[in-house]
Amino acid sequence: CWVCLVCWVCLVVVVNPIKTKLAENAFLHLQPFPGTDYLIAKYIMNKILAAKKYDIDFLIQHVDNYKDIFTEVEKIDENKIIQLTGLTREILEAFTEVLFEFQHKTLFIVGFGPQKYFYGGKNLNTIALIQILLGNFGKLGTGFLFSQSGFSKEFTDSLMNYITHPPQTHPT
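First, a word on scope: everything that follows refers to the structure included in this document.

Thresholds, definitions, all that
Residues numbered from 1 in each chain as written. Predicted model: local features only at pLDDT ≥ 70, side-chain atom pairs only at ≥ 80, totals over all residues. Heavy atoms only, no water. Helix = DSSP H or I, 4+ residues; strand = E, 2+ residues; numbered from the N terminus. Expected span 1.5 Å × (residues − 1). Buried < 20%, exposed > 50% of the residue type's maximum accessible area, 1.4 Å probe, protein only. Phe/Tyr/Trp six-rings, centres within 6.5 Å; stacked < 30°, edge-to-face > 60°. Pairing = 2+ DSSP bridges. Core = buried A, V, L, I, M, F, W, Y, C linked by side-chain atoms within 4.5 Å. Salt bridge = Lys/Arg side-chain N within 4 Å of Asp/Glu carboxyl O.

Re helix H2 (residues 37-50)
In this model, H2 (14 residues) spans 20 Å end to end at C-alpha, consistent with the 20 Å of a helix rising 1.5 Å per residue. Within the sequence span of H2, burial applies to Asp37, Leu39, Ile40, Ala41, Lys42, Tyr43, Ile44, Met45, Asn46, Lys47, Ile48 and Leu49. Lys52 occupies a position one or two residues after H2 and carries a positive phi of about 55 degrees.

Right, here's the structure in full:
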C-alpha cells in the first residue's frame, strides 16, 4: 500500500490491491494487481515528463545525471502497463492529475506492500522518483515516508486514524 496525501486539502489517494477502510474513504483508490507498483510509478513519471511538469530547478540543484532518468522513463508502453497493472487509463490519469494540480503539496506514505516483492527496494526507489521529479522534497507537507520505519509512527498513526474515522458532520 502507498498513500498520496495532499496535505493542504486533506485529499487521499490509496494504491493498494486490497480494499481497506483507508481505501474506502479515499478520494481515489487504485487497486492494481499485486507487485505492479513500479509500473504505476513509471506510467506517472512518463506523464510528468510528457507534460513537462517536472521541477527542473529542483532536479538541476539536487539530482546528478537527472537526464538519465528521463531517458529510462520514456521507454514505456502505456498499453502494456495498463494490461499488467489491471488499472484503467482513467484511474491512472486521475491520479496523475491530482499530482499535477497539487505539485509541491503531496506526501507519499509507503508501507510494506511495495517492498515485499523480489525487487522491493527498486519498487520503493521508483515510487520515490515521482516525488523527486515533482520536486516534492524540502518543502512543507511534501516528501516520502516509509510508514513502517517506526520513527514516523506517532505521526502516521494519528493521521491514518483521522482518515479512516473522519469526523462526523451534521447537516445544516
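A look at the packing of aromatic side chains
Under the criterion given, the structure shown has two aromatic pairs. Considering the side-chain rings of Tyr54 and Phe70, the 4.8 Å spacing of their centres and the 50 degrees angle between planes classify their relative orientation as tilted. Residue Tyr54 is found in the loop between H2 and helix H3 (56-62), and its partner Phe70 is found in helix H4 (residues 66-73); the two are separated by 16 residues along the sequence. Their ring planes at 70 degrees and their centres at 5.6 Å tell us that Tyr66 and Phe70 sit as a pair that is edge-to-face. Of this pair, Tyr66 and Phe70 are both found in helix H4, four residues apart, which corresponds to roughly one turn of the helix. Phe70 shares its class with Tyr66; the two are buried. One aromatic cluster is present, built from ring pairs that chain together Tyr54, Tyr66 and Phe70.

Regarding the pairing of strand S5 (residues 143-146)
Alternating residues of S5 divide into Gly143 and Leu145, all buried, and Phe144 and Phe146, none buried. For strand S4 (residues 106-110) and S5, the ladder comprises four bridges, and the chain directions are parallel. Residue pairing across strands places Val110 opposite Phe146, the latter belonging to S5.

Focus: the nonpolar core
Ranked by internal contacts, the top residues of the largest apolar core, which has 38 residues, are Leu30, Phe95, Ile130 and Leu133. Top element by residues in this core is H2. It accounts for eight residues. Membership of the second largest hydrophobic core comes to five residues, among which are Val12, Leu22, Ala23 and Ala26.

Describing the pattern of salt bridges
With the rule as written, the count across this model stands at four salt bridges. With a closest N to O distance of 2.7 Å, Arg89 and Glu78 form a salt bridge. With a gap of 11 residues between them, Arg89 in helix H6 (residues 89-101) and Glu78 in helix H5 (residues 78-85) connect regions that are remote in the sequence. Shared partners join several salt bridges into a network, and the residues in it are Lys47, Glu78, Arg89 and Glu93.

Keep in mind these values describe shape, not function.
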